[in-house]
Structures are given as C-alpha cells and as structure tokens.
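# Fold and contact review
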Amino acid sequence: MKDISFQLYSARNFPPLSDVLKTVAAAGYTQVEGYGALYASLDDVAIEALRSDLAANGLTMPSAHFGIDLLEADPVRALQIANVLGIKSIYCPHIAADQRPGDAAGWHAFGERLEAAGKPFREAGIDFGWHNHDFEFAALPDGSVPQDHIFAGGPNLSWEADIAWVVHGGGDPFGYIEKYGNRITAVHVKDIAAAGENTDQDGWADVGHGTVDWAKLFTALSATPARYYVVEHDNPKDFKATAERSIASIKTY
C-alpha cells in the first residue's frame, strides 16, 4: 500500500482550507489530491501560498483533477499550477451530461480528445488520465459501454479508478481491474452505504463502513501500478470524521 491521500473535494463545504489541511495532516495523511475549483481561480501568489501551506502541514499534492476546459483551453496555465504544487499525475475528472456522446463512435472520439489533451502533460513528464464516474458503465444502444471506447480512443490514458462509482454504475470492479489494471495509476477509495442508509450523505459511507469489499479490492489492486490511494466521500456530514474513520479502516486491510 502506498501512502494514503485525501481528496480535498471531500472537504469543500468545510472551509477554510488552511484548517482542512491541518485536520487532514493530524488524521495521518501525508498527501492530498486537488480538484479544479480549488485552484482554477487562484492567481500566482495564491498558488504559491497553497504550496507553502501544504508544506507547513507536511503534505504534498502528487495528484490532481483538472477540468477538460482548462486542459484544452490553457494547458500552459495547468502545467504551471502543476509545477508549482509538485503535481505528478493529472486526471480529467468529468464531462457534463449534456456533452456526453450517445454512441460508441462518440465515446471513442472522446477518448481521442482526451489523448490529445494529455499530450503536453505527458511530454512534460506528468502522468495523464481519466477519472471515471458511473455513466461510463451504462450500456449504449449496441450493448457496449463508454469506458471501453474511451480507452480504445486514448491508448496512452492512465486510469484513476473510482471503484465505488464502478460499482454504482453496475460494473464489476474486479473484472475492470483485470482488464485495465496496467492503466491504473491512482485509485479513489470510498464506500457505498447500505440501501436506505446515509441518505443525507447521498448514500455514500466512510471507507470500511459501507458495502464495498475493500479488503479484497486492495489485494487485486496490489498487482497494478497504482501509486496513489485517495480517500474520498462526495458529501460527508463531518469531513473530519470521514478522514479519521477512513484511514483507520484502510490500515486494517
């Protein structure tokens, strides 16, 4: 198991960020993962201040999410942010519902689009890939699924595998780990609550307190080149408890 990271998106509703970083570090994390809205509006001074704040708390940010708009429109700025913050892996995290293709050809073309967007980052020595949600595993009219077409169109794309979203989308995580394990350079570690539970948290759970079989998953993932295991909860009611309970569970596996 590599060092455990914490996705700062999980704490977006609990400002200020300086306190979040202190809480995450105190919980035992040495790494965090950034997300687009965190730094997209920051100027150079603020980005440098974030770097200093991370260092003051003994934290690094080796991986981060960048939206496709910034990646395509201003890759120079994205690369500048990555260099200041020490980001080694960039993952494009999402595409809006109204922009999603409806057929296999469209998703293959989207994979080609991601492949092209990642070129300047790969050339700079930064790992580049796709972070999934659940829609990539919904069957298309021909019975195929977008995930396969994205990777066919983007042969050099890495994968930040969000396992809980794979499960949520009806996919078999073990099957996809076997199929695309060589692409997995990061993993989102989160959990799904039992049916009817945690409705005030969109049905998510702290890691180890839900239904996802993380003990077996970590074994399967150990055979992949995954470097980062990133704790996430999309809507926690108490991010401090989520951070503490999740890392405590992971240490038992």
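I will try to describe carefully the structure that is included in this document. (Residues numbered from 1 in each chain as written. Predicted model: local features only at pLDDT ≥ 70, side-chain atom pairs only at ≥ 80, totals over all residues. Heavy atoms only, no water.)

Once that is clear, we can look at the pattern of salt bridges. Considering all chains together, one arrives at twelve salt bridges under this definition. Across the pair R51 and E48 runs a salt bridge whose closest N-O atoms are separated by 2.6 Å. Taken together, the positions of R51 and E48, both in helix α3 (residues 44-56) and three residues apart, correspond to about one turn of that helix. (Salt bridge = Lys/Arg side-chain N within 4 Å of Asp/Glu carboxyl O. Helix = DSSP H or I, 4+ residues; strand = E, 2+ residues; numbered from the N terminus.)

Gaps left between atoms are located by rolling a probe of water-molecule size over the structure's atoms. Reported here for the largest pocket is a volume of approximately 310 Å³. The residue makeup of the lining of the largest pocket, split by class, is eight nonpolar, eight polar and three charged. (1 Å grid on protein atoms, 1.4 Å probe; cavity = no way out; pocket = protein on both sides within 12 Å on 5 of 7 lines; lining within 4 Å. Points joined across faces, edges and corners; volume = space filled by probe spheres on them. Nonpolar A, V, L, I, M, F, W, Y, C, P; charged D, E, K, R; others polar.)

Our focus in this paragraph is unusual backbone geometry. Omega for the peptide link from P15 to P16 comes to 5°, which places this bond in the cis form. Tracing the sequence through the fold places P16 in the loop between β1 (4-7) and α1 (17-26).

Let us look at the pairing of strand β7 (residues 184-189). Judged by how many residues are buried, β7 sits mostly within the fold: six of six residues are covered. Pairing geometry for strand β6 (residues 158-162) and β7, over four bridges, is parallel. Paired with E160 across the two strands is A186, which belongs to β7. For β7 and strand β10 (residues 228-231), the ladder comprises four bridges, and the chain directions are parallel. Among the inter-strand pairings, H188 is bridged to a residue of β10, identified as V230. (Buried < 20%, exposed > 50% of the residue type's maximum accessible area, 1.4 Å probe, protein only. Pairing = 2+ DSSP bridges.)

Before going further, it helps to spend a moment on the sheet that holds β6. Spatially, eight strands are ordered β1-β2-β3-β4-β5-β6-β7-β10 in a closed barrel, and the strand pairing comes out parallel. Neighbour to neighbour, the strand axes of the sheet diverge by 30° on average, direction disregarded. Examined bridge by bridge, strand β3 (residues 60-65) and strand β4 (residues 89-92) share three bridges and lie parallel to one another. Considered in β4, the bridge of S63 is made with S89. (Axes fitted to C-alpha atoms, helices over the stretch in contact; angles between N-to-C directions.)

Under the definition given, this model contains 18 aromatic pairs. Both rings, one in F110 and one in W130, keep their centres 5.3 Å apart while their planes meet at 85°; by these two values the pair is edge-to-face. Placement of the pair is F110 in helix α6 (residues 104-123) and W130 in strand β5 (residues 127-131), with a sequence separation of 20 residues. Accessibility assignment for this pair places F110 and W130 in one class, buried. With a centroid separation of 6.5 Å and 15° between ring planes, the pair formed by Y176 and Y180 is classed as stacked. One end of the pair, Y176, and the other, Y180, are both in helix α9 (residues 173-180), four residues apart, so they sit about a helical turn from each other. Judged on exposure class, the residue Y176 and its partner Y180 are both buried. Joined through ring pairs, the aromatic side chains of F137, F151, W159, Y176 and Y180 make up one cluster. Sitting over the face of the ring of Y9, R12 holds its NZ or CZ atom 3.8 Å from the ring centroid. Seen from the ring of F135, R100 lies directly overhead, with NZ or CZ sitting 3.7 Å from the centre. (Phe/Tyr/Trp six-rings, centres within 6.5 Å; stacked < 30°, edge-to-face > 60°. Lys NZ or Arg CZ within 6 Å of the ring centre and 35° of its normal.)

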